[in-house]
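Summary of the model geometry
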Amino acid sequence: MGVYTLGIDIGTSSVKAGLLEPDSGRMEYISQRSYDSAARQNTGVIWDKTLEVLKDLGAIISEGKRIAAVGLSGQMHGTVMYDKLGRVIEPLINWQDKSCNQPLAKYGGKTTIDVIYELLQDTLLDELGVDRIASGFLGATLFYIKENDPFLFNRIRYASLPTDFIRGKLLGKTPRSTDPTNAASTGIFDIRRMFWHSEVIKRLGLPCSHLPQIHESIGAAGFLDRRVLDSTGLQGNIGIIYGGGDLQMSVLG
């Protein structure tokens, strides 16, 4: 029986999925669907488009072929928020968001990024893997919401990245996990110790309980949810790998 691996990429403006034949390294088929690439996006639309590309692949898999595993990559720096019941708080705020670059009267005309930098200026920023946390990073987004929209901030119980959101939908559960490559794109991850940077998070006044657990990019996350199988035509016990950020995954590719 022939075997495929299925790759899914959640981009800023489209989702792409492809079937790879590992033995030959040949990409057998690719499907793509576009959506609005605005800085704030509807997660329902992104998920619907993901199901569409999976249906395309389910329809063309020939008899005697099976999918061994699903790998993921996705746009980095984005933020997907969930309430205490595990429901998404729309919208997804991605790396294009510039809210943290706007001068605010409460800061004497300084921006949120300026304030974050002042709070962290004696912290070893190389531990974060960045020279400066940028607007659109998950850490900056959560700090901005805490400072400017306390009602919304109090609704948030979990936060994840776009790849984590899709992985959760594929697994059929609220995502509470991420991988080091996506975590490193938040601006609050200690890339030396490979864990959330507790001192940075403390200075920003963010609850660690909002953040996902860290798993290896190559680790097994679980299996494709039965409801996803039924709605796409895919078959079998299909494992899901945690995957990672699109930059790192493209370098590996």
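Anything mentioned here points back to the structure above.
Residues numbered from 1 in each chain as written. Predicted model: local features only at pLDDT ≥ 70, side-chain atom pairs only at ≥ 80, totals over all residues. Heavy atoms only, no water.

1. Structural notes on helix 3 (residues 138-148)
- Those residues of helix 3 lying buried are Leu138, Gly139, Ala140, Thr141, Leu142, Phe143 and Ile145.
- Its buried side turned inward, helix 3 meets strand 6 (79-82), strand 7 (88-93), helix 2 (112-120), helix 4 (150-155), strand 8 (158-160) and helix 7 (198-204). (Buried < 20%, exposed > 50% of the residue type's maximum accessible area, 1.4 Å probe, protein only. Helix = DSSP H or I, 4+ residues; strand = E, 2+ residues; numbered from the N terminus. Contact = heavy atoms within 4.5 Å.)

2. With respect to the side chain of Ser99
- Among the secondary structure elements, Ser99 is positioned in the loop between strand 7 and helix 2.
- Judged by relative accessible area, Ser99 falls into the buried class, the value being 14%.
- In this structure Ser99 touches Arg40, Ser135 and Tyr144, once residues within four positions along its chain are discounted.

3. Regarding empty space enclosed by the protein
- Applying the stated criterion across every chain yields a total of two cavities of 30 Å³ or more.
- Forming the boundary of the largest cavity are Ile113, Ile116, Tyr117, Leu120, Leu125, Arg132 and Ile133.
- Here the residues of the lining of the largest cavity sort into six nonpolar, no polar and one charged.
- Within this model, the second largest cavity holds a volume of roughly 30 Å³.
- In terms of lining residues, the second largest cavity is bounded by Arg40, Ile93, Asp97, Ser99, Cys100, Thr141, Tyr144 and Ile145.
- Here the lining of the second largest cavity takes three residues from helix 3, the largest share from any one element.
- In terms of residue class, the lining of the second largest cavity is made up of four nonpolar, two polar and two charged. (1 Å grid on protein atoms, 1.4 Å probe; cavity = no way out; pocket = protein on both sides within 12 Å on 5 of 7 lines; lining within 4 Å. Points joined across faces, edges and corners; volume = space filled by probe spheres on them. Nonpolar A, V, L, I, M, F, W, Y, C, P; charged D, E, K, R; others polar.)

4. Digging into the sheet that holds strand 8
- With antiparallel pairing, the four strands of this open sheet are ordered in space as 4-7-6-8. At either margin of the open sheet sits one strand with a lone partner, and together these are strand 4 (40-41) and strand 8.
- With three bridges connecting them, strand 6 and strand 7 associate as antiparallel partners. Looking at the pairing, Tyr82 lines up with Val88 of strand 7.
- Packed on one face of the sheet, helix 1 (residues 43-60) meets strand 4, strand 6 and strand 7 and runs near 80° to strand 7. (Pairing = 2+ DSSP bridges. Axes fitted to C-alpha atoms, helices over the stretch in contact; angles between N-to-C directions.)

5. A look at the pattern of salt bridges
- Overall, the coordinates contain 16 salt bridges when judged by the stated rule.
- Note that Arg87 and Asp83 form a salt bridge whose closest N and O atoms lie 2.8 Å from each other.
- Its salt-bridge partner being Glu199, residue Arg203 comes within 2.8 Å of it at the nearest N-O pair. Placement of both Arg203 and Glu199 in helix 7 is noted, with a separation of four residues, approximately one turn of the helix.
- We classify Arg203 as partly exposed; its relative accessible area is 28%. (Salt bridge = Lys/Arg side-chain N within 4 Å of Asp/Glu carboxyl O.)

6. A look at unusual backbone geometry
- In this structure, the amide linkage connecting Glu90 to the following residue, Pro91, adopts the cis form with an omega of 0°.
- Tracing the chain through its elements places Pro91 in strand 7.
- Of note in this structure, His77 is not a glycine but carries a positive phi near 75°.
- Assignment of secondary structure puts His77 in the loop between strand 5 (65-74) and strand 6.
- A positive phi is found at Met194, a non-glycine position, where the angle reads about 60°.

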